Amino acid sequence: RQTGTVETDAEKHDVEYLTPISIGTPPQDLIVDFDTGSSDLWVFSTEMAAKDIKGQAVYDPNNSSTSEKLQGSTWQITYGDGSSSSGDVYLDTVTIGNLTVPNQAVEAAKKVSDEFTDDPNNDGLLGLGFSSINTVQPTPQNTFFDNVKKNLDTPLFTTDLKHGAPGSYNFGYIDPAAYIGNISWTPVDNSQGFWGFTSPGYAVGTETLRNHSISGIADTGTTLLLLPKSIVKAYYSEVQGAQYDSSQGGYVFPCSPTPPDFVFGVNNGIVTVPGDMVLYAPIDSANQNCFGGIQSDTGIGFSIFGDVALKTSFVVFDAGGLQLGWAAK
Ligand SMILES: O=C(CCCl)NNC1=[NH+]CCN1
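Residues numbered from 1 in each chain as written. Predicted model: local features only at pLDDT ≥ 70, side-chain atom pairs only at ≥ 80, totals over all residues. Heavy atoms only, no water.

Enquirer: Is there a simple way to think about the site of the ligand in this case?
Expert: Neighbouring the ligand are Asp35, Gly37, Tyr79, Gly80, Asp81, Leu125, Phe194, Asp219, Gly221, Thr222, Phe302 and Ile304. Within the side chain of Asp35, a nitrogen or oxygen atom sits 2.9 Å from a nitrogen atom of the ligand. Asp219 has a polar side-chain atom sitting 2.7 Å from a nitrogen atom of the ligand. Using a 2 Å cut-off from the grid points, one finds that the ligand occupies the largest pocket. When its residues are assigned to classes, the shell around the ligand shows five nonpolar, four polar and three charged. (Near = heavy atom within 4 Å. Polar contact = N/O pair within 3.5 Å; in protein donor to acceptor, adjacent residues only side chain to side chain. 1 Å grid on protein atoms, 1.4 Å probe; cavity = no way out; pocket = protein on both sides within 12 Å on 5 of 7 lines; lining within 4 Å. Sits in = over half its atoms within 2 Å of the grid points. Nonpolar A, V, L, I, M, F, W, Y, C, P; charged D, E, K, R; others polar.)

Next comes the structure, spelled out in structure tokens:
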């Protein structure tokens, strides 16, 4: 039985976290977005039109002696932010850190939306959601994690995303040096293929936790913390000068003073998003006004605990116990 670890780097403003993987023989190195909010491993490929590739590394199945086309299989995915991609499928060897999966379904892109073309550092996505929502047709394929699980000491992975600094994804073990205090555990609802859970409440600043059930998903592929409109309104009512700016598509507020912390419950524990993490990014060159890291989940159907929430914590995605563990660090 094995364990594994791989470093993940924060892009500008922690908009996404990119992690190196290798595909094929000899190994082709790509850097991709590990996404617990989806379950397809897809990469830029030589099957795409040149105009849709702007700086990304591409997977060339014809240059891999271990690639095998999954005849007749295709995939098409659309993400919560509206971005999308599609293509066909190969089986090939995929290595992440010290872990290797032979015959991993590698979804080669033929088409990608502009959000991906215009993101030169991101060569694809590696889904860490549940394989039930893999989009390959006619036969959905397993995620890398589902394939490597049987070789791990224990079927879990952990995230340690950081603000503007390299973090890590660990597979098969919980590193006691990576967190402080106790891990707060909460059951996972994977009925929609996500790492879903329900938080019992929230607080703004130093007030006591308000009882308010928040159902959402732990999603490394979403940048912000997207919550029910009523909670977002309550939070920004305590931020001086905060207002909803339709041209920006969300709440903005003066970058100074630092806004209050946002706290959400996990079982009988709490996770604190420091006010300076809610200051997501300046929207003007004078850095006067900032776009909020907490925004509304309207239209999605559930909340999304994205990178703004995850980077405050060490989080255990435990497929064995079907539970999420959150700890301070
Ligand atoms: O699509 C979602 C939200 C699922 Cl409800 N997260 N993953 C992701 N990947 C790229 C953009 N967003």
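Picking up where we left off.
Enquirer: Would you mind showing me how to read the side chain of Thr135 here?
Expert: Note that Thr135 resides in the loop between strand E8 (124–127) and helix H2 (144–148). Taking relative accessible area as the criterion, Thr135 reaches 17% and is therefore assigned buried. A distance of 3.4 Å separates a polar atom in the side chain of Thr135 from the backbone nitrogen of Gln76. Apart from residues no more than four positions distant in its own chain, Thr135 is found in contact with Asp40, Thr74, Trp75, Gln76, Ile77 and Glu107. (Helix = DSSP H or I, 4+ residues; strand = E, 2+ residues; numbered from the N terminus. Buried < 20%, exposed > 50% of the residue type's maximum accessible area, 1.4 Å probe, protein only. Contact = heavy atoms within 4.5 Å.)

Enquirer: Could you clarify how one ought to interpret the sheet that holds strand E19 (residues 279–282) in this entry?
Expert: By definition, the strands of a sheet pair up through backbone hydrogen bonds, in either a parallel or an antiparallel sense. Read from one edge to the other, the open sheet built from four strands follows the order E15-E16-E20-E19, with strand pairing classed as antiparallel. Pairing within the sheet leaves two strands with one partner each, and these edge strands are strand E15 (243–245) and E19. Between one strand axis and the next, the sheet turns by 45° as a mean value, whatever way the strands run. Alignment of strand E16 (residues 250–254) against strand E20 (residues 289–292), held across three bridges, turns out to be antiparallel. Along E20, the bridge assignment pairs Val252 with Phe291. (Pairing = 2+ DSSP bridges. Axes fitted to C-alpha atoms, helices over the stretch in contact; angles between N-to-C directions.)

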